[in-house]
Amino acid sequence: MNARVIILFGAPGGGKGTQATRLSAELKLPHVSTGDLFRENLAQGTALGLRAKSFMESGKLVPDDVVLDMLFDRVARPDCKQGYLLDGFPRTLPQAAALDARLAAAKASVQVIHLKVPESVLVERLVGRRTCKQCGNIHHVKFSAPKAAGRCDKCNGELEQRRDDSPDVVTKRLATYRAETQPLEGHYKQAGILHEVDGNRPADEVFKALKQIATGVEVR
Ligand code: AP5
Ligand code: MG
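Conventions adopted
Residues numbered from 1 in each chain as written. Chains lettered and ligands numbered in written order. Predicted model: local features only at pLDDT ≥ 70, side-chain atom pairs only at ≥ 80, totals over all residues. Heavy atoms only, no water. Near = heavy atom within 4 Å. Polar contact = N/O pair within 3.5 Å; in protein donor to acceptor, adjacent residues only side chain to side chain. Areas by Shrake-Rupley, 256 points an atom, 1.4 Å probe, with all protein chains shown as cover. Helix = DSSP H or I, 4+ residues; strand = E, 2+ residues; numbered from the N terminus. Nonpolar A, V, L, I, M, F, W, Y, C, P; charged D, E, K, R; others polar. Pairing = 2+ DSSP bridges. Phe/Tyr/Trp six-rings, centres within 6.5 Å; stacked < 30°, edge-to-face > 60°. Buried < 20%, exposed > 50% of the residue type's maximum accessible area, 1.4 Å probe, protein only. Lys NZ or Arg CZ within 6 Å of the ring centre and 35° of its normal. Arc of directions from axis to C-beta. Contact = heavy atoms within 4.5 Å. Salt bridge = Lys/Arg side-chain N within 4 Å of Asp/Glu carboxyl O. Axes fitted to C-alpha atoms, helices over the stretch in contact; angles between N-to-C directions. Expected span 1.5 Å × (residues − 1).

### A word on the site of ligand 1
Turning to step 1, where the next piece is worked out: Near ligand 1 you find 35 residues, and of these Thr18, Lys60, Arg91, Arg129 and Arg173 are the closest.
Turning to step 2, where the next piece is worked out: At 2.6 Å from an oxygen atom of ligand 1 is found a side-chain nitrogen or oxygen belonging to Thr18.
Turning to step 3, where the next piece is worked out: Lys60 places a main-chain nitrogen or oxygen 2.6 Å from an oxygen atom of ligand 1.
Turning to step 4, where the next piece is worked out: Protein burial of ligand 1: of its 1000 Å² of free accessible surface, 95% is covered by the chains.
Turning to step 5, where the next piece is worked out: When contributions to the shell around ligand 1 are tallied by element, the ones reaching two or more residues are α1 (16-27), α2 (34-43), α6 (119-127) and β6 (138-140).
Turning to step 6, where the next piece is worked out: For the shell around ligand 1, the element with the most residues is α2, which contributes 4 residues.
Turning to step 7, where the next piece is worked out: When grouped by side-chain class, the residues that make up the shell around ligand 1 number 13 nonpolar, 12 polar and 10 charged.

Pasting the structure below:
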């Protein structure tokens, strides 16, 4: 069977990571997040992580060649043979073109799902996000508050704020998104594979809509 690839597309704070975690478990496809891969490299002190650090902390994109090498290396692993779920990639037209070529050569089936959320909501989501140091689980101080303050519901690990979730870096990330990533909407619309989902509603409702698109089955 041909591989199946789902691209979760959308602005910073749109809910890509939150939904990808659930969808990945539901569809049994690995969750591949370029942001998470960079953060793992940074935590391990690799050359790749150190290269990405200054771009990430200033709200800019990591250069395409660096991202593409890392991503293609990751999806070439055996667990991605049946397909995978992309979160935060592609983010520029050259990244999309490189992915298109690879997926066309593999005759993969591709769906792009855009999580649409107004910018005013994104800022509040990002500055209030808290992520587990141990397992990466995503909380929010208000919208997904942990049961015990500062502790992850899943593993009781310590919650931390991402360095790029400060208000000034968030403003820069949103500007970068508008300038470099938003044009991909037109690219995928033209290809006829873009699905739009209202991401500005409770996470469970968003998940139902995603599941419906991914499985083609209406979920109640
Ligand atoms: P990355 O880690 O991908 O960050 P991002 O795209 O900015 O997206 P976020 O992770 O901030 O948001 P999300 O959509 O995952 O939202 P989440 O589910 O956490 O990239 C970081 C950096 O790495 C980039 O800036 C760049 O430098 C570099 N990079 C990565 N990929 C790259 C690439 N391809 N090319 C070049 N550079 C790249 O949700 C956010 C918050 O909202 C959470 O607190 C959550 O609890 C809450 N929330 C989620 N859903 C809901 C809901 N329905 N209602 C209420 N609250 C909600
Ligand atoms: Mg994320």
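Structure's up, so let's keep going.
### Considering the pairing of strand β5 (residues 129-132)
Turning to step 1, where the next piece is worked out: One ladder, built from 3 bridges, connects β5 with β6; its direction is antiparallel. Within β6, the residue paired with Arg129 across the bridge is His140.
Turning to step 2, where the next piece is worked out: The sheet contact formed by β5 and strand β7 (residues 159-160) spans 2 bridges and is antiparallel. Considered in β7, the bridge of Cys132 is made with Leu159.

### Quick notes on the packing of aromatic side chains
Turning to step 1, where the next piece is worked out: A complete count under the given rule lists 1 aromatic pair for this structure.
Turning to step 2, where the next piece is worked out: Ring centres 6.2 Å apart and planes at 45 degrees place the aromatic pair Phe9 and Tyr177 in the tilted group. Taken together, the residues span a long stretch of sequence, with Phe9 in strand β1 (residues 4-9) and Tyr177 in helix α7 (residues 167-181) at a distance of 168 residues. The pair formed by Phe9 and Tyr177 is uniform in burial state, with each residue classed as buried.
Turning to step 3, where the next piece is worked out: Directly above the aromatic system of Phe207 lies the positively charged group of Arg22, at a separation of 4.2 Å from the ring centroid.

### Focus: α6
Turning to step 1, where the next piece is worked out: Within α6, the full set of buried residues consists of Val121, Leu122, Arg125 and Leu126. Across the axial projection of α6, the buried residues extend over an arc of 130 degrees, all falling on one side.
Turning to step 2, where the next piece is worked out: For α6, the elements touching its buried residues are β5, β6 and α7.

### As for the pattern of salt bridges
Turning to step 1, where the next piece is worked out: Under the criterion given, the structure shown has 15 salt bridges.
Turning to step 2, where the next piece is worked out: One salt bridge in this structure joins Lys142 and Glu124, with 2.8 Å as the shortest N-O distance. Taken as a pair, Lys142 in the loop between β6 and β7 and Glu124 in helix α6 lie far apart in primary sequence, 18 residues in all.
Turning to step 3, where the next piece is worked out: A residue is classified by how much of its surface remains accessible, and Lys142, at 56% relative accessible area, is exposed.
Turning to step 4, where the next piece is worked out: Exposure remark for Glu124: the relative accessible area of 35% places this residue in the partly exposed category.

### Things to note about the sheet that holds β5
Turning to step 1, where the next piece is worked out: In space, the 3 strands of this open sheet follow the order β6-β5-β7, with antiparallel pairing throughout. Edge strands, defined here as strands with exactly one partner in the open sheet, are β6 and β7.
Turning to step 2, where the next piece is worked out: Packed onto the sheet, α6 meets β5 and β6 and runs at close to 40 degrees relative to β5.

### Some words on α7
Turning to step 1, where the next piece is worked out: The terminal C-alpha atoms of α7 lie 20 Å apart, and with 15 residues this matches the ideal 21 Å at 1.5 Å per residue to within 8%.
Turning to step 2, where the next piece is worked out: All buried positions along α7 are accounted for by Val169, Val170, Arg173, Leu174, Thr176, Tyr177 and Thr181. Angularly, the buried residues of α7 cover 160 degrees about the axis, an arc narrow enough to put them on a single face. Structural note: α7 exposes Pro167, Thr171 and Ala179 on the side pointing more than 90 degrees away from its buried face.
Turning to step 3, where the next piece is worked out: In this fold, the buried residues of α7 make contact with β1, α3 (47-57), β4 (109-116), α6, β5 and α8 (184-191).

### As for the side chain of His114
Turning to step 1, where the next piece is worked out: Considering the arrangement of structural elements, one finds His114 in strand β4.
Turning to step 2, where the next piece is worked out: The exposure class of His114 is buried, given its relative accessible area of 5%.
Turning to step 3, where the next piece is worked out: The contacts of His114, once residues within four sequence positions are left out, are Phe9, Gly10, Tyr177, Glu185, Leu194, His195, Glu196 and Val197.

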